[in-house]
Amino acid sequence: EAARGCDVALLPLPHKVSGGELLDEATPAERVAGACNAVRRDASGRLQGDMFDGEGFVRGLCRKGVRLQGARVLVVGCGGVGSAIAASLAGAGVGRIALFDVDRDTMEGLAQRLRTHYPAVQVTTGSNDPQGMDVAVNATPLGMQAHDPLPLDPEQLDPATLVADVIMKPADTRLLQA
């Protein structure tokens, strides 16, 4: 009831998925991620939604000088964060996205949404091998605990591959150390 006069809302977890179900209009990033974290009411009262978690990730890469146009990217983890990152990478013009997740249905669902909304991007699934990738992203919780297995084999990384990890604590994960 209190939100009736509100024109913009930011949605935290766990409301990101359910918020998307209320939208009249969504961006490709929101449709690929299946969630939104920003809702805006336009002048006609229609609810427009977007997911900008992945956009923040992509902007961070670009600020560091990473060239994404045509890049080959591995995204390990196809849940909420991985989906948002993959959608924003596709929107930034990467040439190829390789997806890996232990939940095959989640991985294939994301792959299909990417193919639908970003047909120019080559999407592959089923391997966490980082060989030949320009960017490798850990979008899983692996790395939060000291005993966690690594999300990919660092021995297979090319020296020029940029490795990104969404884990906040510890800041210097075992993957980044490797």
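Note: the structure precedes this text.
All of the points below concern the structure found in this document.

The rules behind the values
- Within any chain, residue numbers begin from 1 and follow the written order of that chain's sequence.
- A pLDDT threshold of at least 70 governs which residues receive local features in this predicted model, and a stricter bar of 80 or more applies before side-chain atom pairs are shown or counted, although totals over entire chains, interfaces and linings include all residues.
- Derived side-chain values reflect all non-hydrogen atoms in the structure, with water molecules and hydrogen atoms excluded from consideration.
- Every helix listed is a DSSP run of H or I at least four residues long, and every strand listed is a run of E at least two residues long, numbered separately from the N terminus.
- Radius of gyration: C-alpha atoms only; globule rule: 2.2 Å multiplied by the number of residues to the exponent 0.38.
- A 1.4 Å probe rolled over the protein chains alone gives each residue an accessible area, and that area as a share of the maximum for its type sets the label: buried under 20%, exposed over 50%, partly exposed in between.
- Here a residue-residue contact requires only that any non-hydrogen atoms of the pair lie within 4.5 Å.
- Using a 1.4 Å probe, the Shrake-Rupley method yields the accessible areas, and only the shown protein chains count as cover for residues.
- His is not counted, nor are the chain ends; Lys and Arg add positive charge and Asp and Glu add negative charge.
- A charged residue contributes its charge at one atom only: NZ of Lys, CZ of Arg, CG of Asp or CD of Glu.
- In this scheme, strands are said to pair when DSSP sees at least two bridges between them.
- Here, axes are lines fitted to C-alpha atoms. For helices the fit covers the stretch in contact, and angles between N-to-C directions go from 0 to 180 degrees.
- In this scheme, a helix's expected span is set at 1.5 Å multiplied by one less than its residue total.
- To sort the angles, those under 35 degrees are grouped as roughly parallel, those over 145 as roughly antiparallel, those from 65 to 115 as roughly perpendicular, and the leftovers as oblique.
- By definition, turning the near helix anticlockwise from the far helix through less than a right angle yields a left-handed crossing, and turning it clockwise yields a right-handed one.
- Think of it as three bins: nonpolar holds Ala, Val, Leu, Ile, Met, Phe, Trp, Tyr, Cys and Pro, charged holds Asp, Glu, Lys and Arg, and polar takes everything else, Gly as well.

Our next topic: the overall build of the chain. When helices and strands are counted, the chain shows six helices and nine strands. Taken against the 2.2 N^0.38 rule, which gives 16 Å for 178 residues, the C-alpha radius of gyration of the chain at 17 Å falls within 12% of a compact globule. Each of the three principal axes of the chain carries a C-alpha extent, and together these read 55 × 35 × 35 Å. Counting the 178 residues in the chain, one finds 41% classified as buried. Taking the intrachain contacts of the chain between residues at least 6 apart in sequence as the baseline, contacts between residues at least 24 apart amount to 63%. When the accessible surface of the chain is summed, it comes to about 9700 Å², and 54% of that surface belongs to carbon and sulfur atoms. Side chains of the chain give 17 positive and 22 negative charges; the mean places of these two sets differ by 5 Å.

It is worth spelling out the pairing of strand β8 (residues 135-138) at this point. Because side chains alternate across β8, one face comprises the buried residues Val135 and Val137, and the other comprises Ala136 and Asn138, equally buried. Both strand β5 (residues 72-76) and β8 contribute to a ladder of four bridges, which runs parallel. Along β8, the bridge assignment pairs valine 73 with valine 135. Across four bridges, the pairing between β8 and strand β9 (residues 162-165) is parallel. In the sheet register, valine 137 faces β9, and the bridge partner there is alanine 164.

Here we take up the sheet that holds strand β3 (residues 38-41). Reading across the sheet, the four strands line up as β1-β3-β4-β2 and stay open at both edges, with mixed pairing between neighbours. Each edge of the open sheet carries a strand with a single partner, namely β1 (8-10) and β2 (25-26). Note that β2 and strand β4 (residues 47-50) share two bridges and pair parallel. Looking at the pairing, glutamate 25 lines up with glutamine 48 of β4.

Here the focus is the sheet that holds β8. Strand order across the open sheet formed by five strands is β7-β6-β5-β8-β9, with parallel pairing between neighbours. Both edges of this open sheet fall to β7 (122-125) and β9, since each of them pairs with a single strand only. In this sheet, neighbouring strand axes are inclined to one another by 15 degrees on average, regardless of whether the strands run parallel or antiparallel. Packing against the sheet, helix α4 (residues 80-91) makes contact with β5, β6 (96-100) and β8, and its axis sits at approximately 170 degrees to β6.

We now examine helix α5 (residues 104-117). Compared with the 20 Å implied by 1.5 Å per residue over 14 residues, the 20 Å span of α5 between its first and last C-alpha is a close match. Residues of α5 that are buried in the fold lie against α2 (28-33), α4, β6 and β7.

What follows is about the packing of helix α3 (residues 53-63) against α4. Where α3 contacts α4, the axes come no closer than 7 Å and their chain directions differ by 55 degrees. In terms of orientation, α3 lies oblique with respect to α4. Between α3 and α4 the crossing geometry is right-handed. Mapping the contact onto sequence places Asp53, Gly54, Glu55, Phe57, Val58 and Leu61 in α3 and Ala84, Ile85, Ser88 and Leu89 in α4. Partitioned by chemical class, the residues of the contact of α3 with α4 number six nonpolar, two polar and two charged.

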